[in-house]
Amino acid sequence: MAVKSAVRWGVRHGLAQVAIKKGAKRGDAHGRLVTGGSGIDPHPIYDEMRAKGPVVMGAFAMVTARHGVISEILKSDDFGAGLPLEALPRPLAAIGKWARDPRNPGPVDPPSLLVIDGVDHMRLRKLVSRAFTARAVEAIGTDIETVASELLDRLAREHPGGGRVDLVTEYAHLLPVQIIAKILGVPLAMQDQLLAWGDDLAASLDIGLPYRQFRRSEKALSELNDWLREHCAQLRRNPGDDLLSRVVLAGQDDGTELRDQELTALAGLVLAAGFETTVNLIGNGAVLLFEHPEQLEILRADPSLWRNAVEETLRFDSPVQNTARHAVRDTTVEGVPISRHVLVALMLAGANRDPAVFTDPHTFDVTRANAKDHLAFSAGPHYCLGAALARMEGEIGLRKLFDRFPDLAADGPARRRPTRLLHGWASVPVRLGSAVAAAA
Ligand code: HEM
């Protein structure tokens with residue numbers, strides 16, 4: 001219903017938008033960050049936040065960009081994930097509850113893993129975590145190699161003269177979406193539709209979204225949820241050998257199976273998180289290597305460093321810039337009192353350039369010894385379930401790309417995605433150059 005949708009927008013985005021604009025006018029760093037759009041370099045603002053204190057007042061929430069503080073909050077029982085309606089002032093919470101659309105939960109609405117805590121979170125997380133352990137992902141490595149080779153073969157075939165292509169739309173986006181579709185048993189024919197839904201949904205993670213964009217993301221969400229409900233029902237009738245079929249079947253004998261809504265939310269989150277983030281890792285890594293050819297030379301001389309280059313990319317140009325937690329009780333962080341229900345925005349990308357942890361934090365260095373200490377995958381109970389998979393896709397995807405097209409070069413300005421929380425490139429024009437023969 002349009003009225004309820006407008007109310008949902010108002011509660012989630014409209015009020016924040018007013019506070020953000022006011023904050024930006026005052027010169028507040030958080031306000032400037034949010035209104036600055038995705039094209040600005042956010043790091044001078046994170047530096048400013050970090051210098052101001054451990055946790056400082058932002059536009060509509062408290063904010064922190066310090067590595068130690070973010071780590072502590074992410075692991076602390078004093079903080080919960082997301083922002084429950086109960087944490088809002090009472091009349092607003094009541095309006096928000098009235099306007100809820102329980103049939104159409106998004107990635108940051110319960111029962112999404114991202115915003116639930118305690119035993120419910122553990123129960124749902126356990127169901128999918130086995131599929132994403134480092135060992136399980138090792139086994140998927142061959143699939144990743146195969147899909148990456150097929151995509152690169154196609155590029156070489158379709159551009160025999162080594163012409164101009166868009167690296168994001170023709171490679172970086174396709175590798176993760178094909179892998180997660182394989183893992184979840186989603187037909188490949190759905191690829192273009194998934195990418196289109198993913199694009200509209202990615203925007204909904206940003207706070208202060210304009211109304212029209214919010215409506216577009218709700219429409220995409222509702223279409224994705226309808227499709228997933230039907231897909232899961234089909235898997236219940238006729239299960240395959242994929243992860244989603246196993247989740248659908250789990251607990252059927254003892255009655256602990258997932259409710260339809262939990263199942264749809266879980267499938268939607270894993271599906272979208274599976275490709276909307278890793279595309280940024282591959283795109284950001286490629287652009288960084290174009291900008292730092294001496295680092296590419298280091299990797300060519302010692303290919304064993306590719307793994308660390310992926311960690312350094314995650315640290316230096318983090319695909320997920322921030323998350324948030326709310327205090328579940330009155331508490332104190334590094335001497336700063338934080339009252340119950342107060343929201344704290346955690347600038348993961350700011351933590352990843354904290355000079356207290358990383359020497360010369362604004363230097364991209366693929367040999368950095370502690371690159372892996374970044375918080376790009378968060379920490380604590382919500383630590384990214386797909387981290388091992390993303391790392392492997394990043395490493396194989398980038399290494400194979402630069403091996404197959406040794407003269408690959410940027411060809412014109414790249415364009416950032418319009419999203420702020422998800423940070424990557426929408427378009428990276430490149431000239432392929434000649435392809436070397438594919439490895440046998
Ligand atoms: C470079 C790629 C990726 C990055 C940077 C990334 C980042 C993150 C971050 C920061 C969180 C935690 C948010 C918080 O603490 O509030 C998270 C959670 C999550 N990620 Fe990823 N992710 C990536 C790839 C993936 C992939 C490939 C998958 C799926 C296979 C995935 C599935 C998930 C899931 C299901 C959660 C929720 C975990 C929970 O709340 O318990 N992610 N991710």
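Q: Please set out the overall build of the chain residue by residue, giving values where relevant.
A: Within the chain one finds 18 helices and 12 strands. When the backbone C-alpha atoms are referred to their principal axes, the chain occupies close to 65 × 55 × 40 Å. Looking at the 440 residues of the chain, the share that counts as buried comes to 54%. Accessible area of the chain: about 19500 Å², with a carbon and sulfur share of 55%. Measuring between centres, the 52 positive side-chain charges of the chain sit 6 Å from its 54 negative side-chain charges.

Q: Which residues make up the nonpolar core, and what are the values?
A: Counting residues in each nonpolar core, the largest one holds 87 residues, and the members touching the most others are Tyr171, Leu175, Ile180, Leu389 and Phe402. At 9 residues, helix α7 (residues 134-158) tops the list of elements feeding residues into this core. Dropping the residues within four chain positions of it, Tyr171 is found in contact with Ala148, Leu151, Leu152, Leu155, Asp166, Ile282, Gly397 and Leu401.

Q: Just give me the short version of the pairing of strand β8 (residues 343-346), but keep the residues and values in it.
A: Residues Leu343 and Ala345 point to one face of β8 and Val344 and Leu346 to the other, with burial holding for every one of them. Pairing between strand β2 (residues 62-64) and β8: 3 bridges, direction parallel. The partner of Met62 across the bridge, within β8, is Val344. As paired elements, strand β5 (residues 323-327) and β8 share 4 bridges and run antiparallel to each other. Of the residues in β8, the one forming a bridge with His326 is Leu343.

Q: Outline the pattern of salt bridges, supporting the account with residue identities and numerical values.
A: Throughout the structure, instances matching the rule amount to 26 salt bridges. Arg417 is paired through a salt bridge with Asp199; the nearest N and O atoms lie 3.8 Å apart. Of this pair, Arg417 sits in the loop between β10 (415-416) and β11 (425-427) while Asp199 sits in helix α10 (residues 191-203); the two residues are 218 residues apart in sequence, bridging distant segments of the chain. Taking the relative accessible area as the measure of exposure, Asp199 reaches 44% and is therefore partly exposed. Put simply, Arg315 and Glu312 hold a salt bridge, and the shortest N to O gap is 2.8 Å. Within this pair, Arg315 and its partner Glu312 are both found in helix α16 (residues 306-316), separated by 3 residues, close to a single helical turn. Both residues of the pair, Arg315 and Glu312, count as buried. One network of salt bridges, with partners in common, ties together Arg123, Arg259 and Glu262.

Q: Let's hear about the coordination of the iron atom of the ligand: which residues, and what values?
A: Within the protein, a single donor atom binds the iron atom of the ligand, namely Cys384 (SG) at 2.3 Å. In this structure, Cys384 sits in the loop between α17 (348-351) and α18 (387-404).

Q: How would you sum up the site of the ligand? Please name residues and give values.
A: Around the ligand, 29 residues are found, and the nearest of them are Arg125, Thr323, Ser378, His382 and Cys384. For the ligand, an oxygen atom lies 2.7 Å from a polar atom in the side chain of Thr323. Within the side chain of Arg325, one N or O atom sits 2.8 Å away from an oxygen atom of the ligand. Secondary structure elements with two or more residues in the shell around the ligand: α6 (118-129), α13 (260-276), α14 (278-291), β5 and α18. The greatest single-element share of the shell around the ligand, amounting to 4 residues, is contributed by α13.

Q: Describe the environment of Ile95, and please don't skip the residues or the numbers.
A: Structurally, Ile95 is set in helix α5 (residues 90-99). With a relative accessible area of 40%, Ile95 lands in the partly exposed category. Along the sequence, Ile95 and Cys384 sit 289 residues apart, while their C-alpha atoms lie 32 Å from each other.

Q: How would you explain α18 if you had to name every residue and give the values?
A: In a regular helix each residue adds 1.5 Å, so 18 residues correspond to 26 Å; α18 covers 25 Å between its end C-alpha atoms and thus fits that length. In terms of burial, α18 is largely enclosed, as 15 of its 18 residues are buried.

About the criteria used
Residues numbered from 1 in each chain as written. Predicted model: local features only at pLDDT ≥ 70, side-chain atom pairs only at ≥ 80, totals over all residues. Heavy atoms only, no water. Helix = DSSP H or I, 4+ residues; strand = E, 2+ residues; numbered from the N terminus. Buried < 20%, exposed > 50% of the residue type's maximum accessible area, 1.4 Å probe, protein only. Areas by Shrake-Rupley, 256 points an atom, 1.4 Å probe, with all protein chains shown as cover. Lys, Arg positive; Asp, Glu negative; His and termini not counted. Charge placed at Lys NZ, Arg CZ, Asp CG, Glu CD. Core = buried A, V, L, I, M, F, W, Y, C linked by side-chain atoms within 4.5 Å. Contact = heavy atoms within 4.5 Å. Pairing = 2+ DSSP bridges. Salt bridge = Lys/Arg side-chain N within 4 Å of Asp/Glu carboxyl O. Donors = N, O, S within 2.8 Å, 3.2 Å for Na, K, Ca; no water. Near = heavy atom within 4 Å. Polar contact = N/O pair within 3.5 Å; in protein donor to acceptor, adjacent residues only side chain to side chain. Expected span 1.5 Å × (residues − 1).

Geometric descriptors of this kind do not, in isolation, establish any biological role.
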